[in-house]
Amino acid sequence: MASTNTRQTAAARKRTAAKPKPVVDELDFEPIRIGANTDAVEERVPLFYIGDDEYTIPKSIPPGVALQFMREAREHGRELAAAPLLIRVLGEDAYLALEESQEVSEDQMEWIIDKVLNLALGRKQKEGKAK
């Protein structure tokens, strides 16, 4: 008759599974490394003027902005997702200036919104200005 100690040792060996292979070995890619956020100054370019006041947008809009827009669009619909996108890209001051402007036309507003959406989502657009 086998001792209790021998049976427990054999049972423990059966329960101990072989370590699984790393997932990376089974896939045809290696993970990428993304740098941490830095305090780099964001380069901005003019998008519109109200009177003599210049309002700018980032020269390069971070991809996270598009992700935020897509999440907002999924949760609240595309129309309601546009406002947070505009505020994030234009900044609060520029957004409020547009909101309070009595001179901005519908065509101009549409041009600004379309330009911001296209730039944020990485779409190429024909050059041109609003009337």
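Structure's up top.
Residues numbered from 1 in each chain as written. Predicted model: local features only at pLDDT ≥ 70, side-chain atom pairs only at ≥ 80, totals over all residues. Heavy atoms only, no water.

Colleague: Break down the pairing of strand S2 (residues 53-58) for me, citing the residues and quoting the values.
Modeller: As defined by bridge partners, strand S1 (residues 44-50) adjoins S2 across six bridges and the pair is classed as antiparallel. Bridge pairing in S2 places Phe48 opposite Tyr55. Count of turn residues in the S1/S2 antiparallel hairpin: two residues, of which Gly51 carries a positive phi of about 65°. (Pairing = 2+ DSSP bridges. Helix = DSSP H or I, 4+ residues; strand = E, 2+ residues; numbered from the N terminus.)

Colleague: Summarise the side chain of Thr56; cite the residues concerned and give the values.
Modeller: Mapped onto the secondary structure, Thr56 falls in strand S2. Overall, Thr56 belongs to the buried group, its relative accessible area being 19%. Once residues lying within four places of it in the same chain are set aside, the contact partners of Thr56 are Arg44, Val45, Pro46, Leu47, Val89 and Leu90. (Buried < 20%, exposed > 50% of the residue type's maximum accessible area, 1.4 Å probe, protein only. Contact = heavy atoms within 4.5 Å.)

Colleague: If you had to explain a negative patch on the surface to someone new, which residues and values would you point to?
Modeller: A contiguous patch of negative charge, built from Glu92, Asp93, Glu99 and Glu100, is present on the exposed surface. Along the chain, Glu99 turns up in helix H5 (residues 92-100). For Glu99, a relative accessible area of 53% corresponds to the exposed category. (Patch = residues over 30% accessible without salt bridge, like charges linked within 9 Å, V, L, I, M, F, W, Y side chains within 5 Å. Areas by Shrake-Rupley, 256 points an atom, 1.4 Å probe, with all protein chains shown as cover. Salt bridge = Lys/Arg side-chain N within 4 Å of Asp/Glu carboxyl O. Lys, Arg positive; Asp, Glu negative; His and termini not counted. Charge placed at Lys NZ, Arg CZ, Asp CG, Glu CD.)

Colleague: How would you sum up the environment of Val116? Please name residues and give values.
Modeller: In this structure, Val116 sits in helix H6 (residues 106-120). Classification of Val116 by relative accessible area gives buried; the value is 0%. It is 7.0 Å that separates the C-alpha atoms of Val116 and Leu86, two residues lying 30 residues apart in sequence. Not counting residues within four places of it along the chain, the set of residues in contact with Val116 comprises Leu47, Leu85, Leu86, Val89 and Leu90.

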